[in-house]
Amino acid sequence: MNARTAAVLEVDKDVQTARKAARGILAAAGNLHDASRADLIARAEKVAAIATAHAVAVDRDSRFPEEAIAAARAERLLGIAVPRELGGEGAGISEIIDVCYALGRACASTAMIYAMHQTKVACLTRHGRSSAWHQLFLRRLCNEQLLLASSTTEGQGGGDVRNSAAAIERDGARITLERQATVISYGKAADGIVTTARRSADAASSDQVLVAFLKQDYTLEPLSGWDAFGMRGTCSEGFKLAASGSSDQILPVSYDKIHAQTMMPVAHLLWSAAWAGIATAAAERARVFVRKAAQRSGGAMPPAAAHLTRANATLRTLRSLIATAAQRFDAASADAAVLESIDFQTGMNMLKVNASEIAVATVMSAMQACGLAGYRNDGEFSIGRHLRDVLSSPIMISNDRILANISAASLLSSAPKSLSE
Ligand SMILES: Cc1cc2nc3c(=O)[nH]c(=O)nc-3n(C[C@H](O)[C@H](O)[C@H](O)COP(=O)(O)OP(=O)(O)OC[C@H]3O[C@@H](n4cnc5c(N)ncnc54)[C@H](O)[C@@H]3O)c2cc1C
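Along each chain, the written sequence defines residue order, and numbers are assigned to residues from 1. Side-chain atom pairs in this predicted model are given and counted only at pLDDT of 80 or more, local residue features only at pLDDT of at least 70, and totals for whole chains, interfaces and linings cover all residues. The side-chain quantities take in all heavy atoms of the structure and omit both hydrogens and water.

1. Observations regarding the overall build of the protein
At step 1: To qualify as a helix, a DSSP run of H or I must reach at least 4 residues; to qualify as a strand, a run of E must reach at least 2; elements of each kind are numbered from the N terminus. Per the secondary structure count, the protein includes 13 helices and 7 strands.
At step 2: Computation of the radius of gyration draws on C-alpha atoms alone. For the globule rule, the value is 2.2 Å times the number of residues to the power 0.38. Relative to the 2.2 N^0.38 estimate, which gives 22 Å for 421 residues, the radius of gyration of the protein is 24 Å and therefore close to what a compact globule would have.
At step 3: Seen through its principal axes, the protein has C-alpha atoms that stretch 85 × 80 × 50 Å.
At step 4: Under the scheme applied here, a residue whose accessible area is under 20% of the maximum for its type counts as buried, over 50% as exposed, and between as partly exposed, the area being computed with a 1.4 Å probe on protein chains only. Buried positions account for 49% of the 421 residues belonging to the protein.
At step 5: By definition, residues are in contact when any of their heavy atoms lie within 4.5 Å. Taking all contacts inside the protein whose residues are at least 6 apart in sequence as the whole, residues at least 24 apart take part in 76%.

Here is the structure:
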């Protein structure tokens, strides 16, 4: 071996050692991540067990799932998405999705409340980085496990999230806001409300900001109750919201950016996870029903077993749809241009439309698999609550509205050259 070869081999040995060390660090980090993910799932399952125990009463009485939310606070699940330096756990989107899914299997209202709270936390975390007020607020949220509600729907505007009627009024550094909030889920139980508003009295309806108010900053005057078909525990009552605070409470980024980069994709991912949880719980009831029916008839599958097969198949599609969208969001999350691209926006909007339709179809298949036992409200195989809850999914920002909004984008996209595109 000549000197040059020996030197190259020596360098190669160094490179190999460095690579091994890097692999070791990556493996250790991976193990840590797996451990924290497993810990998170274990904590979510503890909360889910409590949510399950109270789900029937929450639905029957149309009441806030206080036991489950208290358990979520005890497990410190409300601040998990906040960065560690602010007292949170820095959980990623797929971890929050896991929690929403676990809660959705137990109690749809608890899962939806958690999903709405986490969507607001995501907006504050990503877009409040340069704001001392919001950094402090997130610290408090983690310490005190504050629950945040959302107010976007207003007056007769329905699900038109990208337009606001009520405007921020300014008096020096003080701001006030008064809005007719058609629905604010768990408005009474929340510790704070994050709301959209017109930037100022002379701003266009689409020139919006997002503001965080703590309970001490506002009053809620009841406008309407919540006696709904499903999602009865979200207590989505209507209120006149009258809030005041400091202009620091307005996020420093305009709402059009917040909506595109965080609010819409995160809401659609987390709502979809909650709906997947409902669909899974219904399919699980159908599986036990069909298994029992087969046992009773000496192993022969009942004719309705085909509906269970269909429920399992659509559930598989739903899970992979959400997982793929979550990966896509993760990959794009550092790049505002990608997040705001037409392709990404269309994909995340279509996730909501598709996930809601598939979740409804899955629960319907489960109901058909159980037949009368699924249709009745009593008994261990009742699918009634699941069906009523999941039917909120196509109307929670109407699928028709979403499809109409993105119809122009459909003209722009050409046929992909390969299936992986
Ligand atoms: C369980 C639940 C919890 C909620 N919690 C909150 C909350 O905490 N805070 C909050 O602000 N909001 C909340 N909402 C409201 C939600 O965000 C939407 O605003 C609401 O679902 C839309 O209501 P809508 O059907 O009256 O409105 P619209 O969007 O006006 O839809 C009404 C109907 O009009 C049709 N339609 C509307 N636009 C179009 C269009 N462009 N093309 C074709 N057809 C169209 C659709 O067929 C739709 O069925 C909640 C909703 C639900 C179901």
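Having seen the model, we can carry on.
2. As for the packing of aromatic side chains
At step 1: Aromatic contacts are taken between Phe, Tyr and Trp rings whose centres are within 6.5 Å, Trp giving its six-membered ring; a plane angle under 30 degrees counts as stacked, one over 60 as edge-to-face, and the others as tilted. Evaluation of the coordinates by the stated rule reveals 4 aromatic pairs.
At step 2: Measuring from centroid to centroid gives 5.2 Å for Phe289 and Phe381, while their planes differ by 75°, and the two rings are edge-to-face. One end of the pair, Phe289, is in helix 6 (residues 255-296); the other, Phe381, is in the loop between helix 10 (372-375) and helix 11 (384-390), and 92 residues separate them in sequence. Side by side, Phe289 and Phe381 carry an identical accessibility label, which is buried.

3. Some words on the sheet that holds strand 4 (residues 192-198)
At step 1: Note: two strands are recorded as paired if DSSP finds a minimum of 2 bridges between them. Here 3 strands make up an open sheet; going across it, the order is 1-4-5 and the pairing mixed. One side of each edge strand has no neighbouring strand; the edge strands of this open sheet are strand 1 (148-151) and strand 5 (208-214). Pairwise comparison of adjacent strand axes, ignoring direction, gives a mean angle of 25° for this sheet.
At step 2: Pairing between strand 4 and strand 5: 7 bridges, direction antiparallel. Within strand 5, the position partnered with Thr196 by the bridge is Leu210.
At step 3: Working convention: axes come from line fits to C-alpha atoms, limited for helices to the stretch in contact. Angles between N-to-C directions cover 0 to 180 degrees. Packing of helix 4 (residues 108-127) onto the sheet brings it into contact with strand 1, strand 4 and strand 5, and relative to strand 1 it is tilted by some 85°.
At step 4: Contacting strand 1 and strand 5, helix 5 (residues 132-144) runs over the sheet at an angle of about 45° to strand 5.

4. Concerning the confidence of the model for the protein
At step 1: On a scale of 0 to 100, pLDDT captures the predictor's confidence in every residue. Here the protein averages 93 in pLDDT, and 92% of its residues register 70 or above.
At step 2: Predicted confidence for residues 1-9 stays below pLDDT 50, and this span has 2 contacts to residues more than four positions away or in other chains.

5. Concerning the nonpolar core
At step 1: The term nonpolar core refers to a set of buried residues drawn from Ala, Val, Leu, Ile, Met, Phe, Trp, Tyr and Cys, joined through side-chain atoms within 4.5 Å. Among the nonpolar cores identified, the biggest contains 124 residues, and Leu77, Tyr114, Leu269 and Leu318 are the most heavily contacted of them.
At step 2: Ranked by the residues each element gives to this core, the list is headed by helix 6, at 20 residues.
At step 3: The residues contacting Leu318, other than those within four sequence positions of it, are Ala276, Ala279, Ala355, Ile358 and Ala359.

6. Description of the side chain of Ser365
At step 1: Mapped onto the elements of the fold, Ser365 is located in helix 9 (residues 342-370).
At step 2: Residues within four places of Ser365 in sequence aside, it is in contact with His307, Arg310 and Ala311.

7. Regarding the sheet that holds strand 7 (residues 237-246)
At step 1: One open sheet accounts for 4 strands, arranged 2-3-7-6; its pairing is antiparallel. Where the open sheet ends on each side, the last strands, each with one partner, are strand 2 (169-171) and strand 6 (218-224). Neighbouring strand axes in the sheet, compared pairwise and without regard to direction, differ in orientation by 20° on average.

8. Here's the deal with the site of the ligand
At step 1: In the neighbourhood of the ligand, 19 residues make up the surrounding shell, with Thr152, Thr153, Ser185, Ile395 and Asp400 lying closest.
At step 2: Gly158 places a polar main-chain atom, nitrogen or oxygen, 3.5 Å from an oxygen atom of the ligand.
At step 3: The contact in question runs from an oxygen atom of the ligand to an N or O atom on the backbone of Ile395, over 2.8 Å.
At step 4: Relative to its free-state accessible area of 960 Å², the ligand is covered by the protein chains to the extent of 69%.
At step 5: One can see that the ligand is located within the largest pocket.
At step 6: Put simply, the parts of the chain that give the shell around the ligand at least two residues each are strand 1, strand 3 (174-184) and helix 12 (399-405).
At step 7: Of all the elements, helix 12 adds the most residues to the shell around the ligand, at 3 residues.
At step 8: Throughout this entry, Asp, Glu, Lys and Arg are counted as charged residues, while Ala, Val, Leu, Ile, Met, Phe, Trp, Tyr, Cys and Pro are counted as nonpolar. The remaining residues, Gly among them, count as polar. Each residue belonging to the shell around the ligand can be placed in one class, and the counts come to 8 nonpolar, 9 polar and 2 charged. We call a residue near a molecule or strand whenever a single non-hydrogen atom of that residue lies within 4 Å of it. Throughout this description, a polar contact denotes any pair of N or O atoms lying within 3.5 Å of each other; where both atoms belong to protein, one of them has to be capable of donating a hydrogen while the other can accept it, and for residues adjacent in sequence the pair is counted only when both atoms sit in side chains. Computed with the Shrake-Rupley method and a 1.4 Å probe, the accessible areas treat only the protein chains shown as cover for residues. Using a grid of 1 Å spacing that covers the protein atoms alone, one calls a set of points a cavity when a 1.4 Å probe fits there but cannot get out, and a pocket when the set is open and has protein on both sides within 12 Å along at least five of seven lines; lining residues are those with an atom within 4 Å of a point. For a molecule to be placed in a cavity or pocket, more than half of its atoms must lie within 2 Å of the grid points of that cavity or pocket.

9. Notes on the side chain of His259
At step 1: Along the chain, the position of His259 falls in helix 6.
At step 2: Look at His259 and you get buried, because its relative accessible area is 15%.
At step 3: Apart from residues lying up to four places away in sequence, His259 is in contact with Val161, Arg162, Met264 and Pro265.

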